[in-house]
Amino acid sequence: MKKLIALLLTFVMLIALCACGSTAAPTNDPGLTENTTSAESVVWKISCVDAEGSDYMKAFTAMWERIEKETNGYIDVELYYSSSLGEEADVLEGMQIGTIQGAQMATSVMANYSEYFYVNDLPFLFESPEHCEAFLKTDAAKTMSQSLEEYGFYVWYWGILGYKQPNLNKSCIKTLDDCKGLKWRVMDTAVQVKTVEALGANPVVIAYNEVYSALGNNTIDAWMNDAVAFKNLSTPEVAPYFTQMPLFTSMQTCVISKAAFDKLPAEIQEIVYNVIMEDEPEVIRTSWKQNSAIEEDLKANAFKEYYIVEDVAPFFEAVQPVYTWMESEHPATAEIIAAINELR
C-alpha cells in the first residue's frame, strides 16, 4: 500500500510539473503581459495597395506593428506592399479562402459584395472629412458595414484620403457652363459616365496610363483624380489647369477577414478591434494631409492656374439625376443617401 501511495504521489508531481511548463493562452486579466509567449502565434498577411515608405504607409504599418506588440507576438504580421499579393478583387477572394487576413482597400471595391457601397461612388457625396466622420456614427453606416459580414469581411471604419478633382489642359472650370462640351476622361463606370453627362460634358473612357498622352494631344480636355495621381502621372506638364471642388471622394478602409478574426481568442479580438478603431482614423488623416500637401505644392509650383469653387450648389443640383438613377438601380442605397444628406 505504501508503495502504491508513493507511486501515486510521484505521478501527481509529474503532472504538476508538466502543467507548469505549458504555455497559457493569452488573457486580458489585466492584459497580455511581457511573459506571454508567441508559441501559439498566428501569421496574418496584410495586403497594401501603396508602396512602402509613404507617410500613409508608415502610419498603416505602425498600426499593425502596434497590434503585433500589444498581442505580444500572438499575431505575427507580414505586410505586403504595392499590391504584391494581387489586385484588390483578388485580395478579397484570398481573404475569403483564408490566404490573406487583412488589407488596405478602396471602399468602392466593396460594392462587388454589398450594393450599399455603390453610394461611395456618387459625386459630391461628402462635403468634408468631418461630414464623412459624422455619417460613420449613424445606424445607416453600421448597416453598410454589417452587410459585408455574410461575405466574410469586417469593415469597421473608412474615410476620405482626398478628392478626385478636375485637371484640364485649356482652362479652369469656374461655372457649370464651363463644363459644356468638354471631352472628359472617365473610368468605365456608369456613375462617372452619367455624372460627366449631367455636367454637360462628353465622357471618354480611357485607360489610366493613357491619360498623359491623351491630354497632351487633345484627345481629351479634362480628367479627374487626386493630387497624388496628378503628381505620379505628371499631368500638370500637359494639363496646367486645376479646379478645386469635391467632385468625387477617394475613400479607403481596412478590411479584416472575418474567418481569421473569429478564430482569435476573445482578448486578442478586443486588442485588434480597439487598435484599428483608435489608429485607422489617424492613418486616413495622414493620407489626407499627404494628399493636401502635394496639392498645395502643385498649385504653387506646377499648375499655371487654379480655381477654387466656393459654391458647389449648382454642380450638386446638376448631378441629382445620378442620385435618382442610383436609387432606382440599387434601391437599398436610398436610406444611406438620405442619412448622408441629413448631415449636410
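Residues numbered from 1 in each chain as written. Predicted model: local features only at pLDDT ≥ 70, side-chain atom pairs only at ≥ 80, totals over all residues. Heavy atoms only, no water.

### Structural notes on the overall build of the protein
Then, number 1: Across its full length, the protein holds 13 helices and ten strands.
Then, number 2: Relative to its 344 residues, the protein shows a buried fraction of 48%.
Then, number 3: For the protein, restricting intrachain contacts to residue pairs at least 6 apart in sequence, the fraction spanning at least 24 positions comes to 75%. (Helix = DSSP H or I, 4+ residues; strand = E, 2+ residues; numbered from the N terminus. Buried < 20%, exposed > 50% of the residue type's maximum accessible area, 1.4 Å probe, protein only. Contact = heavy atoms within 4.5 Å.)

### Here we look at the packing of helix α2 (residues 55-70) against helix α10 (residues 266-301)
Then, number 1: For the pair α2 and α10, interaxial distance at closest approach is 8 Å and the crossing angle is 165°. Comparing the axis directions of α2 and α10 gives the class roughly antiparallel. Here α2 and α10 pass one another in a crossing that is right-handed. Only Ile 271, Val 272, Val 275, Ile 276, Glu 278, Asp 279, Glu 280, Val 283, Ile 284, Thr 286, Ser 287 and Gln 290 of α10 make contact with α2, whose side of the interface consists of Asp 55, Tyr 56, Ala 59, Phe 60, Met 63, Arg 66, Ile 67 and Glu 70.
Then, number 2: When grouped by side-chain class, the residues that make up the contact of α2 with α10 number eleven nonpolar, three polar and six charged. (Axes fitted to C-alpha atoms, helices over the stretch in contact; angles between N-to-C directions. Parallel < 35°, antiparallel > 145°, perpendicular 65-115°, else oblique. Left-handed = near helix turned anticlockwise from the far one by under 90°. Nonpolar A, V, L, I, M, F, W, Y, C, P; charged D, E, K, R; others polar.)

### Considerations on the pattern of salt bridges
Then, number 1: Under the criterion given, the structure shown has twelve salt bridges.
Then, number 2: Between Asp 279 and Arg 66 there is a salt bridge, and its shortest N-O distance comes to 2.8 Å. Highlighted residues: Asp 279 in helix α10 and Arg 66 in helix α2, separated in sequence by 213 residues.
Then, number 3: For Arg 66, a relative accessible area of 25% gives the class partly exposed.
Then, number 4: The salt bridge partner of Arg 285 is Glu 282, with a shortest N-O separation of 3.1 Å. Highlighted residues: Arg 285 and Glu 282, both in helix α10, separated by three residues, approximately one helical turn.
Then, number 5: The partly exposed category is assigned to Glu 282, whose relative accessible area is 35%.
Then, number 6: Among the charged side chains, a salt-bridge network with shared partners connects Arg 66, Glu 70, Glu 278 and Asp 279. (Salt bridge = Lys/Arg side-chain N within 4 Å of Asp/Glu carboxyl O.)

### Concerning the environment of Thr 286
Then, number 1: Tracing the backbone through its elements, the reader meets Thr 286 in helix α10.
Then, number 2: Along the chain, Thr 286 and Ser 54 lie 232 residues apart, while their C-alpha atoms are 9.9 Å from each other.
Then, number 3: When sequence neighbours within four positions are dropped, the list of residues in contact with Thr 286 reads Asp 55, Tyr 56 and Ala 59.
Then, number 4: Within the structure, Thr 286 has its side chain in polar contact with the backbone oxygen of Glu 282 (distance 2.8 Å). (Polar contact = N/O pair within 3.5 Å; in protein donor to acceptor, adjacent residues only side chain to side chain.)

### Structural notes on the side chain of Thr 243
Then, number 1: Relative to the elements of secondary structure, Thr 243 occurs in strand β8 (residues 241-244).
Then, number 2: A distance of 2.8 Å separates a polar side-chain atom of Thr 243 from the backbone nitrogen of Ile 173.
Then, number 3: In contact with Thr 243, other than residues within four places in its own chain, are Gln 165, Pro 166, Leu 168, Cys 172, Ile 173, Tyr 307 and Val 309.

### Some details on the nonpolar core
Then, number 1: Formed by 91 residues in total, the largest nonpolar core has its most connected members in Trp 64, Phe 135, Trp 158 and Trp 184.
Then, number 2: Tallying contributions element by element places strand β4 (residues 153-168) first for this core, with ten residues.
Then, number 3: With residues up to four places along the chain from it excluded, the contact list for Phe 135 reads Phe 126, Ala 140, Ala 141, Met 144, Trp 158, Ile 336, Ala 339, Ile 340 and Leu 343.
Then, number 4: The next biggest cluster of nonpolar side chains, apart from the first, holds 16 residues, and it includes Val 211, Leu 215, Trp 223 and Ile 294. (Core = buried A, V, L, I, M, F, W, Y, C linked by side-chain atoms within 4.5 Å.)

### Observations regarding the pairing of strand β3 (residues 102-106)
Then, number 1: Along β3, five of the five residues are buried, which leaves the element largely enclosed by surrounding structure.
Then, number 2: Neither face of β3 is left uncovered, since the one carrying Gly 102, Gln 104 and Ala 106 and the one carrying Ala 103 and Met 105 both have all their residues buried.
Then, number 3: Sheet analysis places strand β1 (residues 42-47) next to β3, joined by two bridges and oriented parallel. Considered in β3, the bridge of Ile 46 is made with Gly 102.
Then, number 4: With five bridges joining them, β3 and strand β9 (residues 248-257) adopt antiparallel strand pairing. Opposite Gly 102, over in β9, you have Ile 256 as the bridge partner. (Pairing = 2+ DSSP bridges.)

### Thoughts on the confidence of the model for the protein
Then, number 1: Here the protein averages 90 in pLDDT, while 89% of its residues score no lower than 70.
Then, number 2: Long-range and interchain partners of residues 1-38, a stretch whose pLDDT sits below 50, account for 28 contacts in this model, where long-range means more than four residues apart. (pLDDT = per-residue confidence, 0-100.)

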